[in-house]
Amino acid sequence: MNDNDESWLPNREPYIPASLSEIYDFLACLLGGAPTFVDDTGFYPDQNIDTEFAVLVAAFDKVRRKLGEDRYVKLIELAAQAKGLFAADPKNENGKTRQGYRVIHEIEDIIQDARKRRVIAKLKDDVRDVTGE
């Protein structure tokens, strides 16, 4: 990477997960980046706790219909709670990061429950398959 380039990536806009399974995958990335979510490699110099949780909330917005309003509202609340916990423990010293992990796992459970209910109800995804998306 040369000093004149902001990034070697052609598109600096973050990818927003667009399905329940993509959100589930993104949650694993969140767990790996906690508690600061700063990319130490330099590939994503703008990445931080604010950008990562903005992506998560935007992803919830994309699948709001599939989640249902109650799950959507709960997920937004849990995302704000997790972000606050991680922000309160940027050096992973006071136990808030561990609490944040638990909240992310709670979000995972809600996403998986939504996927399971869609399969049981045989609801079709955007390409007309029953996949839990």
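Structural data are supplied above this passage.
Description of the structure in this document. As the structure is a prediction and not an experimental result, all values here were calculated from the model.

What follows deals with the environment of Gly32. Note that Gly32 resides in helix H1 (residues 20-33). Here Gly32 falls in the exposed class, since its relative accessible area comes to 67%.

Once that is clear, we can look at the side chain of Glu108. With respect to the helices and strands, Glu108 occurs in helix H5 (residues 96-120). Despite its burial, Glu108 remains without a salt bridge, the nearest opposite charge being carried by Arg115 at 9.9 Å. Discounting chain neighbours no more than four positions away, the residues touching Glu108 are Tyr24, Leu27 and Leu31.

Once that is clear, we can look at the nonpolar core. Phe53, Leu56, Phe60, Ile104, Ile107 and Ile111 are the most contacted members of the largest nonpolar core, which totals 30 residues. Elements supplying a minimum of two residues to this core: H1, helix H2 (49-62), helix H4 (69-87) and H5. Here Phe53 is in contact with Phe37, Ala79, Ala82, Lys83, Phe86 and Ile104, once residues within four sequence places are set aside.

With that settled, consider H4. The end-to-end C-alpha distance of H4 is 27 Å, a good match for the 27 Å that 19 residues give at a rise of 1.5 Å each. Every buried residue of H4 is accounted for by Tyr72, Leu75, Leu78, Ala79, Ala82, Leu85 and Phe86. Down the axis of H4, the buried side of the element spans an arc of 150 degrees, and every buried residue falls inside it. Facing away from the buried side of H4, by more than 90 degrees, are the exposed residues Asp70 and Ala80.

Rules used throughout
Residues numbered from 1 in each chain as written. Predicted model: local features only at pLDDT ≥ 70, side-chain atom pairs only at ≥ 80, totals over all residues. Heavy atoms only, no water. Helix = DSSP H or I, 4+ residues; strand = E, 2+ residues; numbered from the N terminus. Buried < 20%, exposed > 50% of the residue type's maximum accessible area, 1.4 Å probe, protein only. Lys, Arg positive; Asp, Glu negative; His and termini not counted. Salt bridge = Lys/Arg side-chain N within 4 Å of Asp/Glu carboxyl O. Contact = heavy atoms within 4.5 Å. Core = buried A, V, L, I, M, F, W, Y, C linked by side-chain atoms within 4.5 Å. Expected span 1.5 Å × (residues − 1). Arc of directions from axis to C-beta.

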